[in-house]
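So you can see what is in the structure, the chains are spelled out below.
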Amino acid sequence: MIRRLTIATSKKAELQEITSQVRQVVGESGINEGVCHIFVPHTTAGVTINEHADPDVARDIMARLEVLAPAGGAYLHVEGNAPGHVKSSVVGCSLALMVEKGQLTLGTWQGIFFAEFDGPRQRSLLVKVVAG
Amino acid sequence: MIRRLTIATSKKAELQEITSQVRQVVGESGINEGVCHIFVPHTTAGVTINEHADPDVARDIMARLEVLAPAGGAYLHVEGNAPGHVKSSVVGCSLALMVEKGQLTLGTWQGIFFAEFDGPRQRSLLVKVVAG
Amino acid sequence: MIRRLTIATSKKAELQEITSQVRQVVGESGINEGVCHIFVPHTTAGVTINEHADPDVARDIMARLEVLAPAGGAYLHVEGNAPGHVKSSVVGCSLALMVEKGQLTLGTWQGIFFAEFDGPRQRSLLVKVVAG
């Protein structure tokens, strides 16, 4: 079964932490041992894992991605969101996490982040927990 | 069961859309609910998801990756394909998609692309659909 | 079942090959057909697949990531490891490999590498092989 979550982003580009929402889906699945898949069905967004303790980490990541694909750069795609497409392919739109004793095996400092690269928008996120 | 697809690339570097080939494997698997894994067994290629409507998006992605690892840059690896190796690790060689009601849960604008970074060549792509 | 491996890295930043350790976990699982998941529970490390034959390939990858997120760059996060966090999100911390006839379906030139971006340290790596 796939659970669809709605994410409301508030900036042009941001990393929004979604760890608690994903943990809730894992808990409600009742699955003790398995894999938790996350999928972003958008082309100017992504999903990544990084430090959740200091929000400056997320800002630094977004700043370096901005250097890689700057807003003012030269692009062929004319909708103005070409940098968001580039960042989406660099960060990626799918993740596979592990579930053990009913919990995600995240490290102490790890949080899961929805990566918005062309917001603010209402976005979808798909979570699927599979036993195994 | 793993299905091996053959991809013939036609340029040094390109994103070639493979959505229909992957959809066909999903359909032939007969699996209604599950996960579709994609794996690229090469070190100068990758697989990514991005917009399929405007081919300029793919060109913009490749152009920014070229800035990250330029053909004329300084590399230790002397075969001339060092930039392709770098791009492969940035884009990644594996993806996990979701299958629901016998269909991939791709977003409206999402297509799956084989990323060629050292072509043209004949390449392999592995697709495995697992129920769950 | 999840297997936890310990990785001792020896440099500030390096790609350390872990293919044989992962192969061993696959062999010990006794699973013939399935998926091998790899997860790194750290925020300044990652996991990637690339060429194992020439160690210069790994060095070139690390060198280009250093250009993307240089040690001497300007960051908000003040612990000094901001570049490691950026590189972790670019390379990624999870991989899904395929298992066929009891073996990983790696290509001829592919090796699996633990990516250290803030070492040297003792690190963990989680490996989970699922039948299917």
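Here the structure is a predicted model, which is why all the values come from computation and not from measurement.

Caption draft 1: Representation of the overall build of chain A. Within chain A, the secondary structure is distributed over three helices and eight strands. Shown N-terminal to C-terminal, the secondary structure of chain A runs as helices and strands in the order β-β-α-β-β-α-α-β-β-β-β. Evaluated residue by residue, chain A yields a buried proportion of 64% over its 132 residues. The long-range fraction of contacts in chain A, counting pairs at least 24 apart against all pairs at least 6 apart in sequence, stands at 85%. Of the accessible surface of chain A, which amounts to about 5000 Å², a share of 51% is contributed by carbon and sulfur atoms. Between the centroid of the 12 positive side chains of chain A and the centroid of its 13 negative side chains there is a distance of 5 Å.

Caption draft 2: Geometry of the environment of Gly73 of chain B. Residues and elements named next belong to chain B. Checked against the element boundaries, Gly73 lands in the loop between helix H2 (55-68) and helix H3 (82-91). Judged by its relative accessible area of 29%, Gly73 falls in the partly exposed class. Remark: the alpha-carbon pair of Gly73 and Pro83, spanning ten residues in sequence, is separated by 8.2 Å.

Caption draft 3: Just the packing of helix H3 (residues 82-91) of chain A against H2 of chain B, in detail. Packing of H3 of chain A against H2 of chain B brings their axes to within 9 Å, and their N-to-C directions diverge by 65°. Relative to H2 of chain B, H3 of chain A is oriented roughly perpendicular. Crossing of H3 of chain A against H2 of chain B: the hand is right-handed. Packed against H3 of chain A, whose contacting residues are Ala82, His85, Val86, Ser89 and Val90 of chain A, the element H2 of chain B presents Val57, Asp60, Ile61, Arg64 and Leu65 of chain B at the interface. In terms of residue class, the contact of H3 of chain A with H2 of chain B is built from six nonpolar, two polar and two charged.

Caption draft 4: Fine view of the interface of chain A and chain C. If you look at the interface, chain A gives 31 residues, while chain C gives 28 residues. Summed over both partners, the interface of chain A with chain C comes to about 2400 Å²; 61% of that surface belongs to carbon and sulfur atoms. For chain A, the biggest contributors to the area lost against chain C are Asp60, Arg64 and Met98 of chain A; these three give 29% of the whole. Counting across the interface, chain A meets chain C through one salt bridge. In this structure, Glu100 of chain A engages Arg4 of chain C in a salt bridge whose closest nitrogen and oxygen atoms are separated by 2.9 Å. Inspection of the region where chain A meets chain C yields twelve residue pairs in polar contact (both at pLDDT 80 or more). Broken down by secondary-structure element, the contributors of at least two residues to the side of chain A that touches chain C are strand S3 (34-39), strand S4 (45-51), helix H2 (55-68), H3 and strand S5 (94-100) of chain A. With eight residues, the single largest contributor to the side of chain A that touches chain C is H2 of chain A. Per-class residue counts for the side of chain A that touches chain C are 15 nonpolar, eight polar and eight charged.

Caption draft 5: Main features of the pattern of salt bridges. What the rule picks out here adds up to 21 salt bridges over all chains. Between Glu116 of chain B and Arg123 of chain B there is a salt bridge, with its nearest N and O atoms 2.8 Å apart. The exposure classification of Glu116 of chain B matches that of Arg123 of chain B, with both residues buried. Three or more residues joined by partner-sharing salt bridges are found here, namely Lys12, Asp118 and Arg121 of chain A.

Caption draft 6: Layout of the interface of chain B and chain A. Of the residues lining the interface, 31 residues belong to chain B; the matching set on chain A comes to 28 residues. Note on chain B versus chain A: buried area summed over both sides is about 2400 Å², and carbon and sulfur give 61% of it. The largest share of the area that chain B buries against chain A comes from Asp60, Arg64 and Met98 of chain B, three residues that together contribute 28% of it. Joining chain B to chain A, the criterion identifies one salt bridge.

Caption draft 7: Structural view of the side chain of Thr48 of chain C. Structurally, Thr48 of chain C can be placed in strand S4 (residues 45-51). We classify Thr48 of chain C as buried; its relative accessible area is 6%. Within the local environment of Thr48 of chain C, its side chain forms a polar contact with the side chain of Ser89 of chain B, the two groups lying 2.8 Å apart. The contact partners of Thr48 of chain C, leaving out residues within four places of it in the chain, are Ser89 of chain B together with Leu15, Val91, Leu95, Gly111, Ile112 and Phe113 of chain C.

Caption draft 8: View of the relation of the copies chain B and chain A. Placing chain B over chain A gives an RMSD of 0.0 Å and needs a rotation angle of 120°, together with 0.0 Å of translation along the axis. Within this description, the copies of the chain are treated as partners about a three-fold rotation axis. Residue Val90 of chain B, judged by its C-alpha, is the member of chain B lying nearest the rotation axis, at 3.5 Å. Both copies present different contact surfaces, since only 10% of the interface residues of chain B are interface residues in chain A too.

Caption draft 9: Inspection of the relation of the copies chain A and chain C at higher detail. Take chain A, turn it by 120°, move it 0.0 Å along the axis, and it overlays chain C with an RMSD of 0.0 Å. The overlap is low: 10% of the interface residues of chain A also sit at the interface in chain C, so different surfaces are used on the two sides.

Caption draft 10: Molecular detail of the nonpolar core. Counting residues in hydrophobic clusters, the biggest one holds 84 residues, and the most contacted among them are Cys36 and Ile112 of chain A, Cys36 and Ile112 of chain B together with Cys36 and Ile112 of chain C. Counting residues in hydrophobic clusters, the runner-up holds 48 residues, among them Val86 of chain A together with Val57, Ala69 and Tyr75 of chain C.

Caption draft 11: Quick look at the sheet that holds strand S7 (residues 110-116) of chain B. All names here are of chain B. Taking strand neighbours across the sheet as the criterion, the three strands line up as S2-S7-S4 in an open arrangement whose pairing is antiparallel. In this open sheet, the two edge strands, each paired with only one partner strand, are strand S2 (14-17) and strand S4 (45-51). Within this sheet the neighbouring strands show an average axis-to-axis angle of 35°, counted without direction. Direction of pairing for S4 relative to S7: antiparallel, over a ladder of seven bridges. When the bridges of S7 are listed, Glu51 appears paired with Gln110. Lying on the sheet, H2 is in contact with S2, S4 and S7; it crosses S2 at an angle near 145°.

Conventions and cut-offs
Residues numbered from 1 in each chain as written. Chains lettered and ligands numbered in written order. Predicted model: local features only at pLDDT ≥ 70, side-chain atom pairs only at ≥ 80, totals over all residues. Heavy atoms only, no water. Helix = DSSP H or I, 4+ residues; strand = E, 2+ residues; numbered from the N terminus. Buried < 20%, exposed > 50% of the residue type's maximum accessible area, 1.4 Å probe, protein only. Contact = heavy atoms within 4.5 Å. Areas by Shrake-Rupley, 256 points an atom, 1.4 Å probe, with all protein chains shown as cover. Lys, Arg positive; Asp, Glu negative; His and termini not counted. Charge placed at Lys NZ, Arg CZ, Asp CG, Glu CD. Axes fitted to C-alpha atoms, helices over the stretch in contact; angles between N-to-C directions. Parallel < 35°, antiparallel > 145°, perpendicular 65-115°, else oblique. Left-handed = near helix turned anticlockwise from the far one by under 90°. Nonpolar A, V, L, I, M, F, W, Y, C, P; charged D, E, K, R; others polar. Buried area = accessible area lost by both parts, 1.4 Å probe. Salt bridge = Lys/Arg side-chain N within 4 Å of Asp/Glu carboxyl O. Polar contact = N/O pair within 3.5 Å; in protein donor to acceptor, adjacent residues only side chain to side chain. Least-squares fit on C-alpha atoms with pLDDT ≥ 70 in both. Core = buried A, V, L, I, M, F, W, Y, C linked by side-chain atoms within 4.5 Å. Pairing = 2+ DSSP bridges.

Function cannot be read off these values alone, since they describe shape.
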